[in-house]
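Residue strings, one per chain:
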Amino acid sequence: MNALNQQARDRLVQLLDAYGLDPQQPGANWVQGQFIAGEGEVITLHDPVTNQPLLHYRDAGEAIVERAIEAAQTAQQEWMALSASERGRRMQAASRGLDGHEEQLARLESLIAGKPVRDCRGEVDKVREMFEYYAGWCDKQHGEVIDVPSSHLNYVQRVPYGVVGQITPWNAPLFTCGWQLAPALAAGNAAVLKPSELTPLTSAVLAMLLERSGRLPAGLINIVNGLGHTTGSALTTHPQIAKLVFVGSPDTGRLIAEAGARRLVPSVLELGGKSANIVFHDAALDDAIAGAQAAIFAAAGQSCVAGSRLLLQQDIEETFCQRLAAAAASIEVGLPGEESTRMGPLQNAAQYQCVRRLIDAAVAEGAELLTGGTPPKGLPGDAAEGNFLAPTILTKVRPEMAIAQEEVFGPVLVVMTFADEQEAIELANGTPFGLAGAVWSQDTGKALRIAHQLRAGTVWVNGYKSINVMSPFGGFGDSGYGRSSGLDGLREYTTTRSVWVETAAKASAAMGYGNG
Ligand code: NAD
């Protein structure tokens, strides 16, 4: 064991201890209001900084999923027995459960996900904001009265599905957990959520803090941790799960949607992206250079909305690339727990190897490495075995290359050029994805003309990456379907019941049949 890994393990022991979790056998699942250990195969978490083992835990497996769903069914009925305003008050109180735990949660997330601790603090704040926002919706989901052309009073109620199954990825575990739990609960559901097997713990701790602080019925939130093909599959195929919400890759998304379709259960899919960041020569270039870095190098590119394709108008390519490469090379890549670190390692070795293979293949196909492509220099000794990659920019990229079509999910930017508006739009829309995109220009008319033609669920003009729980988020094409956040995100967690009440003096006459 090396020095950095020992430090990480010591820190983990301290953090787990604060939540009463045994580091030798952490009860990684939060089910029916308590931490319980899994019963399946042993899963080993590795430290992203050194790739040495950090923690072992056991896959939850079918029996724990079953228990979680049963608990959720009972809790959902208790939850719906409360008035809507009481549910709102309790969700507000749940959000306050994070008070005083911000630093610990951020440190735990940073340690396991490998993300800079400053970014993880932001994620904790976002989760609080999500619960506050959706708490306000609890007593504002009124039904509707429809002016039907008959003697009926027709009204429509919004009804929760019951127990929803949610599955999240490793790149933003806390954020995605809060993002999906808050609207599910506000709509009146109970949830069973499976985080990625690579980042299990913060979701379980978060559920505990929310449930206790909000006096939520035990079992309203359940976190089951384990592998996709065991625990995940037990969740998606369970007959009591009435809706599936999945955040992850397109390949797994297809499996989830198929599992839902077999039981006629609807799904929401929040999948990957290959977002275009389009810069015209009349853009404010200092801002656009900062924006291009934020778009791809934040979270080391492990972000669904990463602006991984930079489309530059031909006449600014050389200057823009030179300035961007210099800025990228000065980004502080380092240990995730240090305040100065802007970019940490990739979360896992498999992802790191995949990113490096894609870079090598692109170079073999004729792309040129402008900067990066290798681990950064000057890392502390033990970190040389970790998943660190310097900010990487590739030029001379053609749109048909794999590096320009596939989601790399790492700090790798490809640069392509365009002559005019038409070519910019064709390039931007030239992948199967449609998650996000951006346009930089000081000509507002032009910027909006382009923005309105992008096949993407989120578009920024003269900016990148702003998102908020109030505004709907989701994809087109291979980036998925359905929406999260805002009122649209809440609506995904309810269905409707249309009630018809006859008001005619003689109901039998209105139906056209006599009574004998
Ligand atoms: P992944 O698809 O490999 O895994 C996601 C989750 O699915 C994990 O919890 C995994 O255990 C589970 N899973 C795998 N097989 C399963 C099965 N057969 N049944 C049930 N569950 C199964 O994705 P990942 O590598 O963890 O995350 C990266 C991907 O997530 C990227 O494509 C990224 O763009 C995407 N993502 C999308 C958004 C969004 O909002 N659109 C947000 C974050 C990440």
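Because the structure is predicted, anything quoted here is derived from the model rather than measured.

1. Describing the sheet that holds strand E16 (residues 412-418)
Phase 1 of the analysis: Read across the sheet, 7 strands follow the order E14-E15-E16-E13-E12-E17-E18 without closing on themselves; strand pairing throughout is mixed. The open sheet terminates on both sides in strands that have one partner only, identified here as strand E14 (368-371) and strand E18 (458-461). Geometrically, the sheet is characterised by an average inter-axis angle of 25° between neighbouring strands, direction not taken into account.
Phase 2 of the analysis: Here 3 bridges tie E14 to strand E15 (residues 392-395), and the two strands are oriented antiparallel to one another. Bridging from a neighbouring strand, Glu368 pairs with Thr395 of E15.
Phase 3 of the analysis: Contacts between helix H10 (residues 285-297) and the sheet are confined to strand E12 (276-279), strand E13 (309-313), E15, E16 and strand E17 (436-440), with E12 contributing the most and set at about 170° to the helix.
Phase 4 of the analysis: Packing of helix H12 (residues 349-364) onto the sheet brings it into contact with E14, E15 and E16, and relative to E15 it is tilted by some 25°.

2. Notes on the site of the ligand
Phase 1 of the analysis: Near the ligand, the surroundings consist of 28 residues, among which Glu197, Ser249, Thr252, Leu271 and Glu407 are the closest.
Phase 2 of the analysis: Side-chain polar atom of Lys194 to an oxygen atom of the ligand: 2.8 Å apart, as the coordinates give it.
Phase 3 of the analysis: One of the backbone N or O atoms of Gly248 is found 3.4 Å from an oxygen atom in the ligand.
Phase 4 of the analysis: Protein contact buries 87% of the 850 Å² of open area that the ligand shows by itself.
Phase 5 of the analysis: For the shell around the ligand, the class distribution of residues is 14 nonpolar, 10 polar and 4 charged.
Phase 6 of the analysis: Counting only domains with at least three residues in the shell around the ligand, you end up with domain 1 (3-271 + 482-496) and domain 2 (276-461).

3. Some words on the pattern of salt bridges
Phase 1 of the analysis: Counted according to the given criterion, the structure contains 22 salt bridges.
Phase 2 of the analysis: One salt bridge connects Lys194 with Glu197, and the closest N-O pair in it is separated by 3.5 Å.
Phase 3 of the analysis: Assessed through its relative accessible area of 2%, Lys194 is described here as buried.
Phase 4 of the analysis: Here Arg254 ties to Asp478 by a salt bridge, and the two come within 3.5 Å at their closest N and O atoms. Placement of the pair is Arg254 in helix H9 (residues 250-262) and Asp478 in the loop between E18 and strand E19 (480-481), with a sequence separation of 224 residues.
Phase 5 of the analysis: A residue is classified by how much of its surface remains accessible, and Arg254, at 42% relative accessible area, is partly exposed.
Phase 6 of the analysis: Linked through salt bridges whose partners overlap, the residues forming this network are Glu86, Arg89, Arg90 and Arg215.

4. Side note on the environment of Asn387
Phase 1 of the analysis: Relative to the assigned elements, Asn387 resides in the loop between E14 and E15.
Phase 2 of the analysis: With 325 residues separating them along the chain, Asn387 and Glu62 place their C-alpha atoms 33 Å apart.

5. Remarks on the packing of helix H5 (residues 117-137) against helix H6 (residues 173-186)
Phase 1 of the analysis: For the pair H5 and H6, the least separation of the axes is 9 Å and the interaxial angle reads 5°. When the interaxial angle is binned, H5 and H6 end up roughly parallel. For the pair H5 and H6, the contacting residues are Glu123, Val124, Lys126, Val127, Met130, Phe131 and Tyr134 in the first and Pro173, Leu174, Phe175, Gly178, Trp179, Leu181, Ala182, Pro183, Leu185 and Ala186 in the second.
Phase 2 of the analysis: Residue composition of the contact of H5 with H6, by class: 14 nonpolar, 1 polar and 2 charged.

6. Looking at the nonpolar core
Phase 1 of the analysis: Residues Met91, Ile278, Phe320 and Ile403 are the most contacted members of the largest nonpolar core, which totals 157 residues.
Phase 2 of the analysis: Two domains each donate at least three residues to this core, and these are domain 1 (3-271 + 482-496) and domain 2 (276-461).
Phase 3 of the analysis: Beyond its immediate chain neighbours, meaning those up to four positions away, Met91 contacts Trp79, Phe131, Tyr134, Ala135, Cys138, Ala182, Leu185 and Ala186.

7. A word on the side chain of Glu86
Phase 1 of the analysis: Of note, Glu86 is situated in helix H3 (residues 84-95).
Phase 2 of the analysis: According to the relative accessible area criterion, Glu86 is buried, its value standing at 16%.
Phase 3 of the analysis: Side-chain polar atoms of Glu86 contact the side chain of Arg89, separated by 3.0 Å.
Phase 4 of the analysis: Polar contacts involving the side chain of Glu86 include one to the side chain of Arg90, which spans 2.8 Å.

8. Structural notes on the packing of aromatic side chains
Phase 1 of the analysis: With the rule as written, the count across this model stands at 7 aromatic pairs.
Phase 2 of the analysis: Between Trp179 and Phe473, the ring centres sit 5.6 Å apart and the planes meet at 70°, which makes this aromatic pair edge-to-face. One end of the pair, Trp179, is in helix H6; the other, Phe473, is in the loop between E18 and E19, with 294 residues separating them in the sequence.
Phase 3 of the analysis: The class for Phe473 is buried, based on a relative accessible area of 6%.
Phase 4 of the analysis: Aromatic rings pair up to connect Phe175, Trp179 and Phe473 into one cluster.

9. Some thoughts on the pairing of E15
Phase 1 of the analysis: Neither face of E15 is left uncovered, since the one carrying Thr392 and Leu394 and the one carrying Ile393 and Thr395 both have all their residues buried.
Phase 2 of the analysis: With 3 bridges joining them, E15 and E16 adopt parallel strand pairing. Bridge pairing in E16 places Leu394 opposite Val414.

10. Here we look at empty space enclosed by the protein
Phase 1 of the analysis: Applying the stated criterion across every chain yields a total of 4 cavities of 30 Å³ or more.
Phase 2 of the analysis: Considered as a void within the structure, the largest cavity measures approximately 100 Å³ in volume.
Phase 3 of the analysis: Lining the largest cavity are 15 residues, and of these Arg309, Ala428, Phe433, Ala436 and Arg455 sit closest to its centre.
Phase 4 of the analysis: The space that makes up the second largest cavity amounts to roughly 70 Å³.
Phase 5 of the analysis: Lining the second largest cavity are Lys126, Met130, Phe175, Trp179, Ile467, Asn468, Val469, Phe473 and Ser485.
Phase 6 of the analysis: Mapped onto the lining of the second largest cavity, the elements with two or more residues apiece are H5 and H6.
Phase 7 of the analysis: When the residues that make up the lining of the second largest cavity are grouped by side-chain class, the tally is 6 nonpolar, 2 polar and 1 charged.

Parameters and conventions
- Residues numbered from 1 in each chain as written.
- Predicted model: local features only at pLDDT ≥ 70, side-chain atom pairs only at ≥ 80, totals over all residues.
- Heavy atoms only, no water.
- Pairing = 2+ DSSP bridges.
- Helix = DSSP H or I, 4+ residues; strand = E, 2+ residues; numbered from the N terminus.
- Axes fitted to C-alpha atoms, helices over the stretch in contact; angles between N-to-C directions.
- Contact = heavy atoms within 4.5 Å.
- Near = heavy atom within 4 Å.
- Polar contact = N/O pair within 3.5 Å; in protein donor to acceptor, adjacent residues only side chain to side chain.
- Areas by Shrake-Rupley, 256 points an atom, 1.4 Å probe, with all protein chains shown as cover.
- Nonpolar A, V, L, I, M, F, W, Y, C, P; charged D, E, K, R; others polar.
- Domains from an automatic or database assignment.
- Salt bridge = Lys/Arg side-chain N within 4 Å of Asp/Glu carboxyl O.
- Buried < 20%, exposed > 50% of the residue type's maximum accessible area, 1.4 Å probe, protein only.
- Parallel < 35°, antiparallel > 145°, perpendicular 65-115°, else oblique.
- Core = buried A, V, L, I, M, F, W, Y, C linked by side-chain atoms within 4.5 Å.
- Phe/Tyr/Trp six-rings, centres within 6.5 Å; stacked < 30°, edge-to-face > 60°.
- 1 Å grid on protein atoms, 1.4 Å probe; cavity = no way out; pocket = protein on both sides within 12 Å on 5 of 7 lines; lining within 4 Å.
- Points joined across faces, edges and corners; volume = space filled by probe spheres on them.

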